Amino acid sequence: YITFTARESSPGGGGGSGGSPTSVQVTRVTLGSLPANAIQVVPVTGNTPVNRLEFKTTAATSFSMDIEKLTSFPVPDAPGIVFERMNLKPSTTQSIMDYVIHFKVSKFSLQEKGVSSSNVVLMRYQNSWFTLPTEKTSEDGTFVYFKAKTPGFSYFAITSGSQSAPPQYQIQPTGETSGGFTLPSWGSLNIGNYQVPIVFLIIGIILLVVFVWLVRR
């Protein structure tokens, strides 16, 4: 089952960087017992830019998350034009992986700030700001919808992005994953009209060396 609890906080102070975070609303998403090895798709309602969460369970667990909508960060503000500031605080990160955050930006805000939807990104703070590769998923008459995959949770900002912030995560990894992070996949070489995986070439070379060694004994 899914329950939502929202509470308002009095915004104090202000500004876009430094000092204590100012939370204007907290939305708590609470899930019941979750089975192991299952992909969870959790819709989120309320006055929050996050409209859906996705993750995979590696073992049976229970889970809740506080989504704090902020007016300022206790760290340097995110680069670019900032649409939303958030702090996502899960009850646990044990037994869950492959986190995907779905979020939305109003078309009015995009037009007001002069930002194209193709430039909107989700950024995560981890000692500095990192850009999470962000994909536009759909739009309607009011909002443009996006998704981004993240290796963890902390402070997030929906912004117009920055060229100086390096990508942190691939949305659609081609290799195997471990604990939510991408491991490199084997490439291939073109030989004539064929593509030969590099691992096969390495095995072939090893076998050839062993054969030559046996012949010369």
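Structure report, in brief. Keep in mind it's a predicted model, so treat the numbers as computed, not measured. Here, residues in each chain are numbered from 1, in the same order as that chain's written sequence. Note on the predicted model: pLDDT of at least 70 is required for a residue's local features to be given, and 80 or more for side-chain atom pairs to be given and counted; whole-chain, interface and lining totals, by contrast, use all residues. Hydrogens and waters are ignored; side-chain quantities use all the structure's heavy atoms.

We now examine the pattern of salt bridges. For this analysis, a salt bridge means a side-chain nitrogen from Lys or Arg found within 4 Å of a carboxyl oxygen belonging to Asp or Glu. The full count for this structure, using the stated rule, is 7 salt bridges. In this structure, Lys149 engages Asp98 in a salt bridge whose closest nitrogen and oxygen atoms are separated by 3.8 Å. One end of the pair, Lys149, is in strand 11 (residues 143–150); the other, Asp98, is in strand 7 (residues 96–106), with 51 residues separating them in the sequence. In terms of burial, Lys149 and Asp98 fall into one category: buried. When salt bridges that share partners are traced, they join Lys107, Lys136 and Glu139 into one network. Put simply, DSSP marks the helices as runs of H or I at least four residues long and the strands as runs of E at least two long, and each gets a number from the N terminus on. Only protein chains enter the accessibility calculation, which uses a 1.4 Å probe; a residue is then buried when its area is under 20% of its type maximum, exposed when over 50%, and partly exposed in between.

Note on placement: Ile39 falls in strand 3 (residues 38–43). Linking Ile39 and Ile96, residues 57 residues apart in sequence, is a C-alpha distance of 9.5 Å. Contacts between residues were defined by any pair of non-hydrogen atoms, one from each residue, lying within 4.5 Å. Setting aside its immediate chain neighbours within four residues, Ile39 contacts Phe55 and Lys56.

Only buried Ala, Val, Leu, Ile, Met, Phe, Trp, Tyr and Cys residues count toward a nonpolar core, and they belong to the same one when joined by side-chain atoms within 4.5 Å. Counting 30 residues, the largest nonpolar core has Val120 and Leu122 as its most contacted members. Put simply, the parts of the chain that give this core at least two residues each are strand 2 (22–34), strand 4 (50–57), strand 5 (61–72), strand 6 (82–90), strand 7, strand 11 and strand 12 (155–159). With 5 residues, the single largest contributor to this core is strand 7. Setting aside residues up to four positions removed in sequence, Val120 forms contacts with Phe83, Phe103, Val105, Leu110, Val115, Thr134, Phe146, Ile158 and Thr159. Membership of the second largest hydrophobic core comes to 11 residues, among which are Phe73, Val75, Val121 and Tyr155.

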